[in-house]
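Secondary and tertiary structure notes
Residue-level listing of the chains:
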Amino acid sequence: MEQTFRSRVWQLGDNIDTDIIIMTKYLAKASLQEMVPHLFEPLRPDLAARLRPGDAIVAGENFGCGSSREMAASVLKTAGIRCIIAKSFAKIFFRNAINNGLLLIECRDLYDRCREGDTVEVEVGRQLTCNGTAYPIPALSREVLDILRYGGLVPRMQALDKSALAAPAPRDTLRDTHRPGHTLAEQLLLHNTGAEDLRPGDVVTVRVDEAVLHDIYAPYIFQQFRDMGFDRVFDPERVSVMVDHLYPTCLDDDPRCFRYSRRFQDEYGVKRLYVADGISHQLALEERLAAPGRIIFGTDSHTTTYGAVGAFATGVGYTEMASIIGSGQLWIRVPSAIKVVVNGTLPMGVFPKDIILRVLGDLTAAGAIYKSLEFTGSAIRQLSVSGRAAIANMAVECGAKAALFAPDEKTAAFCGVDLADCDWLRFDEDAPYERVLTYEADTFTPYLSCPYGVDNVHPIRDVAGTPVDQVFIGSCTNGRLEDLAAAAKVLEGRSIAPYVRLIVTPASKAVYREAARLGYLKTLVQAGAMVTHPFCGLCQGRSGGLVSGDQVVIGTHNRNFIGRMGSPAARTYLASPAVAAASALEGRIADPAPYL
Ligand SMILES: CC(C)[C@@](O)(CC(=O)O)C(=O)O
Ligand code: SF4
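The structure displayed is predicted, hence computed values, not measured ones. (Residues numbered from 1 in each chain as written. Chains lettered and ligands numbered in written order. Predicted model: local features only at pLDDT ≥ 70, side-chain atom pairs only at ≥ 80, totals over all residues.)

Digging into the sheet that holds strand β13 (residues 312-315)
- One open sheet accounts for five strands, arranged β11-β10-β9-β12-β13; its pairing is parallel. Of all strands in the sheet, those bounded by a partner on one side alone are β11 (272-275) and β13. Recorded for the sheet is a direction-independent mean angle of 15° between the axes of neighbouring strands.
- Judged from the four bridges that link them, strand β12 (residues 295-298) and β13 form a sheet pairing that is parallel. Pairing of G298 across the sheet is with G315, part of β13.
- The sheet strands contacting helix α13 (residues 318-327) are β9 (210-214), β10 (239-243) and β12, and the helix crosses β9 at an angle near 140°. (Pairing = 2+ DSSP bridges. Helix = DSSP H or I, 4+ residues; strand = E, 2+ residues; numbered from the N terminus. Axes fitted to C-alpha atoms, helices over the stretch in contact; angles between N-to-C directions. Contact = placed C-beta atoms within 7 Å.)

Structure (structure tokens):
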């Protein structure tokens, strides 16, 4: 890497999400080169054609937030972007960029003092100069420098002595003793590593309990895995491949992803391959891959969901996944933690989704970057595992590395474990939380994330009455049985408003079957809903109800990013299933309370 270079600046704002960088509909394309013309399409459709090799991007807070799609980093690299300078970076993107050998520079001051078209001079590892002002470049950690020195994680892993890898962790190691003075995340990392002690900021190498990968990235993971020189997966019992995003096929390149998904089974003996059984995050819970005490990595940002049962679980990109399934380990920095306490009883018409939406509004989309969000309090204890999963799922929308709930009787029953074996994982009064947010449950109302930001959160009274064109009930956040039950309760014996489309997508086949057996689907259909096969569906904006023009959608999913559901001019509101159902009834955003 040359030490000094000059680049032309392209300026982008805060919270440039990875859907903006490269939309989901392009992710299955056969090559990164084919994705380059679509860079930044929903936000600045003209930009891709104007980018030149050697250019730099200068952005505000939280660059690369949202999805774990590594293509966001690798397409920028393929387009020849020389470096990205931002006030802060979302951490999955940060790791993905480093793993691709793409230089990222954190600088809080440059953004406000430069303009598009300026030239920035970069002296790597030392300083930036722009318009006569010099800005220091913060030092990178040893682990990051090591990867950059090799030019990315693939060459780094090629050089790894594979015969010296630690054996996979034994399977039944749940039992442990409580470590006082530590957050839940720290306790889990201590449990996994057997370290004497650790603190936020320390770098540890964890042994992986489960790895979950999905169809969109299968060809890339496969390729990187081979290029790294691995010839076997670390443990075929602990690698799961899930065909959930792309099925049923809607674009030409999709079947290639299915073929690669299958190759992990055919060539490496991976035991669990799930084809069209539902969304990976729901399946991981149903199949008990997620369990207390485990460390789990998934190629999806919403892997944080598994924290609902006391697993330290987080999203990674495809290169990191290749290295995980080859080596069975990964380095991570111990996160600091924020405690969220909710006491009391939630009012009628308020659901777990409303808890996480309010927290997101308070923390903001960049407010928990690389932190563990840990939930407790009497209202939290009353929630089902499904409700906790909805909360843990969306923790990544404020940048969290992990979300955690201490296991209790409900967790133990759900996961089929003995609570006595995992109650070492519990909140400790002396644990050093960086921040504590405390709420009284009776102060909650239904909340909505309003266009165009997950943290643009308003109580329902601010937006009630807004006309909607389409309502979506589904996704890894709120496509579970309880969610369909809440929607069915609102819609029972009623009909949705004329001209409103209501699309219901159960999160898994099991949810679908149960919802049919219990009569929820019949209720929903009689009210005017269309029920689709279980998969990611409309949440990812590839098929099944894409919106056009400036249509308004209310959905139970997790992202209202520009263009995520189709047209960049469309406006998406995120809410609980009950709010979504009530809005379908009235044809405008509505409080569910009168219908419950
Ligand atoms: C692959 C993609 C559609 C993804 O599931 C990826 C992710 O969140 O990491 C998303 O929701 O953006
Ligand atoms: S349901 Fe949506 S957010 Fe969840 S994994 Fe699928 S596309 Fe991503």
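Quick word on the site of ligand 2
- Surveying the vicinity of ligand 2 reveals the residues H245, I279, D300, H302, S475, C476, C536, C539, Q540, H557 and N558.
- Considering only residue class, the shell around ligand 2 consists of four nonpolar, six polar and one charged.
- Here the shell around ligand 2 spans two domains, and each of domain 2 (181-443) and domain 3 (447-595) adds at least three residues to it. (Near = placed C-beta within 6 Å. Nonpolar A, V, L, I, M, F, W, Y, C, P; charged D, E, K, R; others polar. Domains from an automatic or database assignment.)

A few points about the site of ligand 1
- Taken together, the residues surrounding ligand 1 are T24, S67, S68, R69, I216, H245, D300, S301, H302, G315 and Q540.
- When grouped by side-chain class, the residues that make up the shell around ligand 1 number one nonpolar, eight polar and two charged.
- Of the domains in this structure, domain 1 (4-158) and domain 2 (181-443) are the two that each give at least three residues to the shell around ligand 1.

Focus on the domain arrangement of the protein chain
- Examined at the domain level, the protein chain breaks down into domain 1 (4-158), domain 2 (181-443) and domain 3 (447-595).
- Here the C-alpha centre of domain 2 lies 26 Å away from the C-alpha centre of domain 1.
- Tallying the contact residues gives 27 residues for domain 1 and 30 residues for domain 2.
- For the side of domain 1 that touches domain 2, the elements supplying multiple residues, two or more each, are α5 (91-99) and α8 (153-158).
- Residue contributions to the side of domain 1 that touches domain 2 peak at five residues, all from α5.
- Among the residues forming the side of domain 1 that touches domain 2, the class breakdown is nine nonpolar, 11 polar and seven charged.

Side note on the UniProt feature "binding site: [4Fe-4S] cluster" (unreviewed entry) in the protein chain
- The feature "binding site: [4Fe-4S] cluster" (unreviewed entry), as given by UniProt, occupies C476, C536 and C539 in the numbering adopted here. For the annotated residues, spread through 64 residues, the largest C-alpha to C-alpha distance comes to 8.9 Å, consistent with a single compact locus.
- Note on placement: C476 falls in helix α20 (residues 475-478).
- In contact with C476, not counting residues within four places along its chain, are I279, H281, Q282, H302, T305, N393 and A507. (UniProt positions renumbered as here; feature names shortened; annotations may be inferred.)

Some points on the pairing of strand β25 (residues 571-574)
- The alternating pattern of β25 places R571 and Y573 on one face and T572 and L574 on the opposite face, and all of these are buried.
- Looking at chain direction, strand β24 (residues 552-555) and β25 are connected through four bridges and run parallel. Looking at the pairing, I554 lines up with Y573 of β25. (Buried ≥ 20, exposed ≤ 12 C-beta atoms within 10 Å, placed from the backbone.)

Describing the nonpolar core
- Ranked by size, the top nonpolar core spans 205 residues in total, and within it L448 and A487 carry the most contacts.
- Once you skip the residues sitting within four places of it in the chain, A487 turns out to touch I473, L524, P577, A578, A580 and A581. (Core = buried A, V, L, I, M, F, W, Y, C linked by C-beta atoms within 7 Å.)

Brief notes about the packing of helix α21 (residues 481-491) against helix α23 (residues 520-527)
- Relative orientation of the contacting elements α21 and α23 amounts to 45°, with a least axis distance of 9 Å. Here α21 lies oblique to α23, going by the angle between them. Seen along the crossing, α21 lies across α23 with a hand that is left-handed. The segment α21 lies against α23, with L484, A485, A487, A488 and L491 engaging Y520, T523, L524 and A527.
- Per-class residue counts for the contact of α21 with α23 are eight nonpolar, one polar and no charged. (Parallel < 35°, antiparallel > 145°, perpendicular 65-115°, else oblique. Left-handed = near helix turned anticlockwise from the far one by under 90°.)

Regarding the sheet that holds strand β17 (residues 402-405)
- Spatial strand order, β17-β16-β15-β18: four strands in an open sheet with parallel pairing. With one partner strand each, in any of the chains shown, β17 and β18 (435-440) form the two edges of the open sheet. Each neighbouring strand pair of the sheet contributes to a mean axis angle of 20°, computed without reference to strand direction.
- Note that strand β16 (residues 371-376) and β17 share four bridges and pair parallel. The residue bridging L373 from the neighbouring strand is A403, located in β17.

Some thoughts on the confidence of the model for the protein chain
- Of the residues in the protein chain, 99% have a pLDDT of 70 or more, and the chain-wide mean is 96.
- What the predictor reports for the complex is a pTM of 0.97 with an ipTM of 0.98. (pLDDT = per-residue confidence, 0-100.)

Regarding unusual backbone geometry
- In this structure, the amide linkage connecting Y247 to the following residue, P248, adopts the cis form with an omega of -5°.
- Relative to the assigned elements, P248 resides in the loop between β10 and α11 (254-268).
- The omega torsion of the bond from P451 to Y452 falls at -10°, within 30 degrees of zero and hence cis.
- Residue position: Y452 is located in the loop between β19 (447-449) and β20 (457-459).
- Despite not being glycine, R288 shows a phi value in the positive range, around 60°.
- With respect to the helices and strands, R288 occurs in the loop between α12 (280-286) and β12.
- In this structure R288 comes out as exposed when scored by C-beta crowding, with 12 C-beta atoms within 10 Å.
- Positive phi values are uncommon outside glycine, yet T364 reaches one of about 75°.
- Within the fold, T364 resides in the loop between α14 (352-363) and β16.

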